Amino acid sequence: MNIVLTLWRFIIEFLTVNAKPLLQIIVLPGLLWVIVYAIIAVWFERKFLARAMLRVGPYYCGGRFGWLQLIADFIKLFFKEMIIPKDVNTFFFLLMPVLLPSVPAMAVILIPFASDWVLWNVGSLGMPMFFAIAGIAPLVPIFTGWASNNKYTFIGAWRVAYMYISAEIPMVICAASVAIMVGSFDLVVIARAQEKMWFFIPQFIGFVIFFLGVMIESERTPFDMPGAETELVLGWRTEYSGVLYGFVMFTEYVMLQAWALMFLTLYLGGFNGPVFFGATTASHIFWLVIKFVLLVTLVILLRVVFPRLRMDQMLKLGWQYLTPLALLNLVVTLVLKLWGVY
Amino acid sequence: MTEPVIVPDIMRMSWGPQHPMSGQTRILLDIDGEKVHRIIADLGFTHRGIEKILENRTFLQGIIPVERMVMADTPNIGLGYVTAIEEALGIEVPERANWIRSMICEMARINSHLYAFGLQAESTGYFPAVFLWTTVDRTIILRLFEELTGARWSLNFFMPGGVHKDLPKGFEEKVIEGVEYLRRRFEEYWVAMVENATFELRCDNVGVLKPEDAIRLGATGPVLRGSGIPIDVRKDEPYAAYGDLDFEVITESACDSMARTKVRYREIGQSLNIMEQVANEIPSGPIRTNVPLFARAKAAEVLSRVESSRGELGVHLFTDGGMNPYRVKIHSPTLRNMYVFERLAELDEILVADIPVLINSIDPWYLDSDR
């Protein structure tokens, strides 16, 4: 009996202390989570959007719910012929699909899933580091569009450049207001500070701007101009085929994941929520995942309601409304901070 | 087509024929960044020589190939050809047949406008939601067609001297039922699509076609009426039973893509009214005057005009006393509207993203323009 108990304690200790980094890399913010999430999100998008369009969606592969369809599609993409057009810059053309999902996935490792469950805890560098990594992300589509040597991809790439810049500046300003309010760049501290009140109440303008930013950064409708299929076929993704296309489409969801997690951490209380059975870490992870699922569902379902904006309207939104509003929010936050309200 | 020379510093982009939204045509765009300087429509990808085929068919046989011009709108095209034959042969049509013809033509107009309406939604990236809703609603019309004629798309129901069959028993009630269902649905479309703020952003003030330009360039159909000019063959030169029916010519004064979409939307309402009127007030009587199977026409030249869903369709028929037409020339509405589309870049500032919105506000059917 004593031996069993000791063994049990040893396993628990091994899992929580020694194997924790390994678990984090392989399971939660790491590989498995990213892949499983992307698969479920794609399935959800296909099945539930189909209902909004009076269709059934994937039906035959994997029964009524079509759950096997995505695995079948993945296998199909994997074994399809990979067409590399004659005039492309082969090095960049082949390199970029690998970089595409890995850059936003790199940003995910900075997000605290619980107060003691951060894969790469950089302390007070957390938020600047996130924006630095996320700032690299738009470069990759630009390179992709250029390397593909196609007119559609070229226009798509420049749309990416315009769009990301006009969205990221107000987003960074909004995040800065939150950091000023808390007095720290540390994402764990920011999440902890929301135990009593989530920041979407005191920072409501920032909340709205950052939400729009999440939609823009992950190229969701109504902000999917870089891949507008009615104009540009698939935008900067046009020339990809086979498994590279799989990587490229996967990126969209990883990008959404990175920004959505940041959004939750900044405005919707991050990992905060009622603790079950004293298991703090587990319930924190549970709450963040639940919030994340709800947010992604909302973002995906918004696609049914909105047509796509035009590029000039998008830029107008970014520079004429979001940026001044974000600056206003920053000023108000600063004033309130100096008065000692926060 | 010999391609026009490219101006320096301008990129020429090909929009179609291999493109998710283009259909069977190629449109060349001279662009500078996002701005479109010039639109060059390269038609003729689906030329099938329908006019030539008609020369080798008897008058009755010709109805079948001519309806293939616009599959969404077969009765209107067929009626254009049939009325031309009737004029050449000097045949009178019974009143009841005329009323049935009008009803079928209006049903086809609803079918075709629903398609255009859904495509307009899809072109703004209102991803297939509305397009599939309209597709589902079109089955109401198609089922009525099927019950009446046995076919869902290519009806071949009109023949010189009248229509092929009388209305089946209880058909009028089914028509009224369908009309009521569609009216309910259209209220939803108005809220979900036409009043959608983002859709308004995309369509308002895009591709403004002033009335004088519309007349100068020879626009027709909803494009012309979207520019505020009330020209409709059904009113100006009533054919079939349109002289006895009560309907309005719809116009919009905004002259932009949204106006053209709204014209289609409101025209569907008028078509539903006409369907209801015919179902309630159709006179009784014969449905066909007998015409010999291999009728010979005297040497003559006739022109018939009908208002198809895309605009005015003219059939110019020459006969030389034989059993076949000597020559048929069809003025197709899409071809006329494509000229307008080509000039829109000069008339108004257009961006690349406006191209799908514009082309679907014209509502082209390339098989129609290429014949």
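Note that the structure is predicted; figures quoted are calculated from it, not measured.

**Comments concerning the overall build of chain A**
- The number of helices and strands found in chain A is 14 helices and zero strands.
- When the elements of chain A are put in sequence order from the N terminus, they spell out α-α-α-α-α-α-α-α-α-α-α-α-α-α.
- Relative to the globule expectation of 20 Å for 342 residues, the C-alpha radius of gyration of chain A, 21 Å, shows essentially globular dimensions.
- Principal axes of the C-alpha set define a box for chain A whose edges measure 65 × 60 × 45 Å.
- The buried share among the 342 residues of chain A stands at 43%.
- Considering only residue pairs separated by 6 or more positions, chain A has 78% of its internal contacts joining residues 24 or more positions apart.

**What about the overall build of chain B?**
- The helix and strand tally for chain B stands at 14 helices and nine strands.
- In terms of C-alpha radius of gyration, chain B reaches 21 Å, essentially the compact-globule figure of 21 Å for 371 residues.
- Projected onto its principal axes, the C-alpha positions of chain B cover 65 × 50 × 35 Å.
- Expressed as a percentage of contacts within chain B between residues at least 6 apart in sequence, the contacts between residues at least 24 apart total 71%.

**Side note on the nonpolar core**
- Membership of the largest hydrophobic core comes to 199 residues, with the highest contact counts inside it found for Phe210(A) and Phe263(A).
- Beyond its immediate sequence surroundings of up to four residues, Phe263(A) is in contact with Phe210(A), Phe211(A) and Val214(A).

**Notes on unusual backbone geometry**
- A cis amide bond links Thr221(A) with the next residue in sequence, Pro222(A), at an omega value of 5 degrees.
- Topologically, Pro222(A) is positioned in the loop between helix H10 (204-217) and helix H11 (229-232).
- Of note in the backbone geometry, Asn156(B) takes a positive phi value of approximately 50 degrees without being a glycine.

**Digging into the sheet that holds strand E3 (residues 35-42) of chain B**
Residue and element names in this part refer to chain B.
- The strand order E1-E2-E3-E9 describes an open sheet built from four strands, whose pairing is antiparallel. On the outer flanks of this sheet lie strand E1 (11-15) and strand E9 (350-351), each paired with one strand and no other.
- Bridge count between E1 and strand E2 (residues 26-32): five bridges; the pairing is antiparallel. Within E2, the residue paired with Met-13 across the bridge is Leu-29.

**Structural notes on the pairing of strand E6 (residues 300-308) of chain B**
- In the sheet, E6(B) pairs with strand E7 (residues 311-319) of chain B via nine bridges, with the strands oriented antiparallel. In the strand pairing of E7(B), Val306(B) is matched with Leu313(B).

**A few points about helix H12 (residues 242-267) of chain A**
All names here are of chain A.
- With 26 residues, H12 ought to run about 38 Å at 1.5 Å a step, and its terminal C-alpha atoms sit 39 Å apart, in line with that.
- Of all 26 residues that make up H12, 21 are buried, and the element is covered over most of its length.
- Directly after H12, the chain includes Gly-269, whose backbone phi takes a positive value near 80 degrees.

**Things to note about the interface of chain B and chain A**
- Contacts between the two partners involve 27 residues from chain B, matched on the other side by 24 residues from chain A.
- Secondary-structure elements contributing two or more residues to the side of chain B that touches chain A are E1, helix H4 (95-123), helix H5 (129-149), helix H7 (197-203) and helix H13 (354-362) of chain B.

**A look at the sheet that holds strand E8 (residues 325-331) of chain B**
Residues and elements named next belong to chain B.
- Read from one edge of the open sheet, three strands run E6-E7-E8, paired in antiparallel fashion. A single partner strand is all that each edge strand has here, and the edge strands are E6 and E8. The mean inter-strand angle of the sheet, taken between neighbouring strand axes irrespective of direction, is 15 degrees.
- Set on the sheet, helix H3 (residues 74-89) makes contact with E6 and E7; between it and E6 the angle comes to about 150 degrees.
- The strands touched by helix H12 (residues 333-347) within the sheet are E6 and E7, with E7 carrying the most contacts at an inclination of about 125 degrees.

**A word on the environment of Gly90(B)**
Residues and elements named next belong to chain B.
- Tracing the chain through its elements places Gly-90 in the loop between H3 and H4.
- Its 10 C-beta neighbours within 10 Å are what place Gly-90 among the exposed residues.
- Considered as a pair, Gly-90 and Gly-161 are 71 residues apart in the sequence and their alpha carbons are 9.5 Å apart.

**Describing the pairing of E8(B)**
Residues and elements named next belong to chain B.
- Bridge analysis of E7 against E8 gives six bridges, and the strand direction is antiparallel. Looking at E8, one finds that Thr-319 is bridged to Pro-325.
- Count of turn residues in the E7/E8 antiparallel hairpin: five residues, of which Gly-321 carries a positive phi of about 95 degrees.

**Let's talk about the environment of Glu349(B)**
- Relative to the assigned elements, Glu349(B) resides in the loop between H12 and E9.
- In sequence terms Glu349(B) and Phe199(B) are 150 residues apart; their C-alpha atoms lie 19 Å from each other.

**Quick word on the environment of Gly270(A)**
All names here are of chain A.
- Relative to the helices and strands, Gly-270 is located in the loop between H12 and helix H13 (280-305).
- Note: C-alpha distance between Gly-270 and Phe-247 (23 residues apart in sequence) is 28 Å.
- Apart from the residues lying within four places of it in its own chain, the contact partners of Gly-270 are Pro-112, Ala-191, Gln-194, Leu-264, Thr-265 and Leu-288.

**Observations regarding the packing of helix H7 (residues 139-148) of chain A against helix H8 (residues 151-182) of chain A**
All names here are of chain A.
- It is at 8 Å that the axes of H7 and H8 come closest, and there the two elements cross at 165 degrees. Judged by the angle between their axes, H7 and H8 are roughly antiparallel. When the axes of H7 and H8 are compared, the crossing they make is left-handed. Every residue of H8 that contacts H7 at Pro-141, Ile-142, Thr-144, Gly-145, Trp-146 and Ser-148 is listed here: Thr-153, Phe-154, Gly-156, Ala-157, Val-160 and Ala-161.
- Class assignment for the residues of the contact of H7 with H8 results in seven nonpolar, five polar and no charged.

**With respect to helix H5 (residues 90-108) of chain A**
All names here are of chain A.
- Compared with the 27 Å implied by 1.5 Å per residue over 19 residues, the 29 Å span of H5 between its first and last C-alpha is a close match.
- Remark: the principal bend of H5, roughly 35 degrees, maps to Met-96, with a proline, Pro-97, within the next four residues.
- Along H5, the residues classified as buried are Phe-93, Met-96, Pro-97, Leu-100, Pro-101, Val-103, Pro-104, Ala-105, Ala-107 and Val-108.
- Residues of H5 that are buried sit in contact with helix H3 (31-52), helix H6 (126-136), H7 and H12.

**Examining the packing of helix H4 (residues 69-79) of chain A against H12(A)**
Residue and element names in this part refer to chain A.
- Contact pair H4 / H12: the axes reach a minimum separation of 5 Å and the direction vectors enclose 130 degrees. On the basis of the axis angle, H4 is oblique to H12. Residues Phe-74, Leu-77 and Phe-78 of H4 form the contact with H12, whose participating residues are Gly-242, Val-243, Tyr-245 and Gly-246.
- A class-by-class count of the residues in the contact of H4 with H12 yields five nonpolar, two polar and no charged.

Basis of the calculations
- Residues numbered from 1 in each chain as written.
- Chains lettered and ligands numbered in written order.
- Predicted model: local features only at pLDDT ≥ 70, side-chain atom pairs only at ≥ 80, totals over all residues.
- Helix = DSSP H or I, 4+ residues; strand = E, 2+ residues; numbered from the N terminus.
- Rg over C-alpha atoms; globule rule 2.2 N^0.38 Å.
- Buried ≥ 20, exposed ≤ 12 C-beta atoms within 10 Å, placed from the backbone.
- Contact = placed C-beta atoms within 7 Å.
- Core = buried A, V, L, I, M, F, W, Y, C linked by C-beta atoms within 7 Å.
- Pairing = 2+ DSSP bridges.
- Expected span 1.5 Å × (residues − 1).
- Axes fitted to C-alpha atoms, helices over the stretch in contact; angles between N-to-C directions.
- Parallel < 35°, antiparallel > 145°, perpendicular 65-115°, else oblique.
- Left-handed = near helix turned anticlockwise from the far one by under 90°.
- Nonpolar A, V, L, I, M, F, W, Y, C, P; charged D, E, K, R; others polar.
- Bend = angle between axes of the 7 residues up to and from the residue.

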